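For reference, the chains in residue letters:
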Amino acid sequence: MHRSANLSKIKDNQEKIWDIAIIGGGSSGFGVALDALSRGLSVVLLEKSDFAKGTSSRSTKLLHGGVRYLAQGDVFLVLEALKERGRLLENAPHLTYNQPFIIPIYTWFDRLQYSVGLKLYDLMAGKWRLGKSKFISKTETVRRMPQIKQEGLKGGVVYHDGQFDDARMIIALAQTCDELGGCVLNYSKVESLTKDTNGKVDGLNFIDQLDGSHLQIKARMVVNATGVFADKILKMDNPDARKSIQPSQGIHLVFDQSFLGGKDALMIPKTSDGRVLFAVPWHGKLVVGTTDTLKDKPQLEPEALEKEIDFVLETAQAYLTKKPTKADILSVFAGLRPLAAPKEDGAKTKEISRTHKVILSDSKLVTLTGGKWTTFRKMGEDTVEYFPRVSGKNMSESKSATQKLHGFTIKPDEGHMAIYGSDAFQIRFMLKEHPEWREKLHPKYPYTIAEVIWIIRNEMAVKLEDVLSRRFRILLLDARAAMEMAPKVAEIMARDLGMDQNWIEDELKEFKKTANKYIIKP
Ligand SMILES: Cc1cc2nc3c(=O)[nH]c(=O)nc-3n(C[C@H](O)[C@H](O)[C@H](O)COP(=O)(O)OP(=O)(O)OC[C@H]3O[C@@H](n4cnc5c(N)ncnc54)[C@H](O)[C@@H]3O)c2cc1C
């Protein structure tokens with residue numbers, strides 16, 4: 001997957017009319033791209049920053065039906081998500097896991113309520129079920145989650161959901177789309193839409209953020225998959241467009257895994273503000289979240305609020321015996337949910353349905369909003385279904401449900417190289433050919449020089465943050481370690497990309513500014 005080669009496909013072929021042009025390189029955009037390519041359509045996807053820079057790298061990392069949505073009676077959404085969860089576990093085993101969760105039980109009513117609810121969840125998953133839910137004794141609960149609060153504990157209900165690496169999944173999707181003949185480009189910002197003489201959208205103008213050149217694309221269908229930024233594109237089409245998105249912020253705190261102990265995830269079904277809190281093991285750390293805070297404006301790098309940090313910390317402290325403090329926070333990251341704006345004012349965000357919506361504008365611009373990471377493929381399929389209506393052309397059946405993703409292997413590596421899937425073999429070969437590339441980038445972490453070179457040459461990473469945040473996930477796992485690794489990584493990148501000392505200094509300055517938002521000063 002090479003940026004310059006993909007850019008040339010556009011520059012050298014300005015007359016080409018693409019079937020679908022997608023704006024946005026998050027899970028929604030790639031869901032559309034994957035489905036369209038599986039039907040043999042030609043696809044170009046443009047992302048203004050790096051792939052997954054937005055919400056899609058900032059999730060709780062769950063592939064789930066959503067126990068909470070079941071409690072809210074959103075049966076259709078849960079059924080759909082459980083099916084998609086199963087498919088993704090099959091299509092990308094190197095990036096997904098079957099993760100057991102334990103709900104600690106402190107009252108007998110809760111035991112009844114969650115045992116019955118989760119049996120229903122099992123039933124709804126049908127053939128995609130990942131394991132049977134069951135009640136376990138207090139002793140077993142404490143054995144599996146050594147740090148859980150024991151006072152009043154009656155036992156636990158175990159159930160299964162999927163877990164994954166969200167940004168790495170986007171990279172695998174980008175590579176898959178590239179291999180299927182799609183043209184995917186990061187650092188390409190769409191600035192305006194073009195229309196034909198009948199006022200129908202027939203393309204777009206974008207700027208290459210790296211060299212500043214302005215380019216145009218003609219397409220039979222243009223899809224707006226920009227998450228919380230969807231209204232900006234809708235306004236490019238129609239300056240009077242009604243607000244369709246309500247951003248809602250969720251944050252996560254990352255701790256050492258020893259704060260929970262064991263390999264199971266903790267699920268608190270009802271926090272003091274009536275929401276759900278997860279503490280999920282991830283790449284050897286513990287990710288705890290989340291919150292639901294309304295935001296006025298979309299942002300690419302949102303920041304956790306003090307009150308959100310306090311809320312997550314206090315809730316975690318209430319359920320854990322080894323109590324985490326601010327000083328124990330390794331990283332804090334925030335993301336914005338692209339919720340559909342409620343028609344009436346005052347509707348609570350936790351009550352806004354997570355079901356996705358496809359909007360067809362009078363100009364034939366197609367906008368995909370809402371939804372969940374888990375259902376990205378189905379969201380894409382539902383969007384591509386509009387193609388015949390918008391373009392007047394036929395298309396083949398979707399094959400995205402069984403499309404194996406780049407790196408697919410049934411035997412992924414153990415440890416941190418698992419995320420590369422079948423590519424790990426080639427990285428190991430590089431390590432053999434160049435023993436000097438075995439050097440580690442940080443004494444506490446296993447990442448090597450070889451991986452940085454692999455990432456630059458094969459995963460379209462252009463900036464320091466692309467490597468440290470979305471190829472390695474170290475910025476989210478341990479922000480201070482990410483800062484410490486930065487100079488070395490910048491130097492390797494500059495050498496391989498042919499950049500000079502000024503580039504290194506600029507990258508380090510920019511990365512430091514971003515990374516500071518992930519660090520909590522005591
Ligand atoms: C805190 C939190 C936790 C979550 N946890 C889960 C979970 O565990 N499981 C789950 O299933 N779902 C979860 N979700 C939901 C899920 O993460 C989102 O629904 C999903 O990532 C949204 O993806 P998206 O592609 O619509 O938006 P984004 O990922 O934000 O992608 C939109 C992209 O469009 C780009 N863009 C914007 N304007 C332009 C332009 N002019 N030109 C080019 N590109 C542009 C942006 O840069 C951005 O990268 C969570 C959400 C949040 C906030």
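Along each chain, numbering runs from 1 in the same order as the chain's sequence is written. Only residues with pLDDT of 70 or above have their local features reported here, since the model is predicted, and side-chain atom pairs are shown and tallied only from 80 upward, although totals for entire chains, interfaces and linings are computed over all residues. Processing note: side-chain calculations cover all non-hydrogen atoms of the structure and skip hydrogens and water entirely.

Caption draft 1: Summary view of the nonpolar core. Residues grouped as a nonpolar core are buried Ala, Val, Leu, Ile, Met, Phe, Trp, Tyr and Cys residues, joined through side-chain atoms within 4.5 Å. Buried means the residue's accessible area, taken with a 1.4 Å probe over protein chains only, is under 20% of the maximum for its type, while exposed means over 50%, and partly exposed covers the values in between. Membership of the largest hydrophobic core comes to 92 residues, with the highest contact counts inside it found for Phe30, Phe51 and Phe472. Numbering of helices and strands starts at the N terminus; helices are DSSP runs of H or I of at least 4 residues and strands are runs of E of at least 2. For this core, the element with the most residues is helix H16 (residues 479-497), which contributes ten residues. We call two residues contacting when some pair of their heavy atoms lies within 4.5 Å. Here Phe51 is in contact with Met1, Gly25, Phe30, Leu45, Ile170, Ile171, Ala174, Val184, Leu185, Asn186, Met460 and Arg470, once residues within four sequence places are set aside. If you look at the next biggest cluster of nonpolar residues, it comprises 30 residues, including Ile148, Val158, Phe259 and Ile520.

Caption draft 2: Broad picture of the packing of aromatic side chains. When two rings of Phe, Tyr or Trp (its six-membered ring) have centres within 6.5 Å they constitute a pair, described as stacked for plane angles under 30 degrees, edge-to-face for angles over 60, and tilted for the intermediate range. Within this structure, the stated rule accounts for ten aromatic pairs. Ring centres 5.9 Å apart and planes at 80° place the aromatic pair Phe101 and Phe278 in the edge-to-face group. Taken together, the residues span a long stretch of sequence, with Phe101 in strand S4 (residues 96-105) and Phe278 in strand S13 (residues 277-282) at a distance of 177 residues. The exposure class of Phe101 is buried, given its relative accessible area of 0%. Classification of Phe278 by relative accessible area gives buried; the value is 11%. Through successive ring pairs, a cluster of aromatic residues spans Phe101, Tyr121, Tyr159 and Phe278. Just above the ring of Phe229 sits the side chain of Lys48; from NZ or CZ to the centre is 3.9 Å. A ring is scored as having a charge over it whenever the NZ atom of a lysine or the CZ atom of an arginine sits within 6 Å of its centre and within 35 degrees of its normal.

Caption draft 3: Geometry of empty space enclosed by the protein. Buried and open spaces are told apart on a 1 Å grid over the protein atoms alone, a cavity being a set of points where a 1.4 Å probe fits but cannot get out and a pocket being an open set with protein on both sides within 12 Å along at least five of seven lines. Residues with an atom within 4 Å of a point are the lining residues. Grid points are joined across faces, edges and corners, and a volume is the space filled by probe spheres set on the points. Considering all chains together, one arrives at six cavities of 30 Å³ or more under this definition. Computed from the structure, the largest cavity encloses a volume of approximately 70 Å³. Every residue lining the largest cavity is listed: Leu34, Glu84, Arg87, Leu88, Asn91, Thr374, Phe376, Arg377, Ser400, Ala401, Gln403 and Leu405. Residue assignment for the lining of the largest cavity shows that the elements contributing at least two residues are helix H4 (75-91) and helix H10 (376-384). In terms of residue count, the dominant contributor to the lining of the largest cavity is H4 (four residues). Ten residues, namely Ala, Val, Leu, Ile, Met, Phe, Trp, Tyr, Cys and Pro, are considered nonpolar, four, namely Asp, Glu, Lys and Arg, are considered charged, and the remaining ones, Gly among them, are considered polar. Considering only residue class, the lining of the largest cavity consists of five nonpolar, four polar and three charged.

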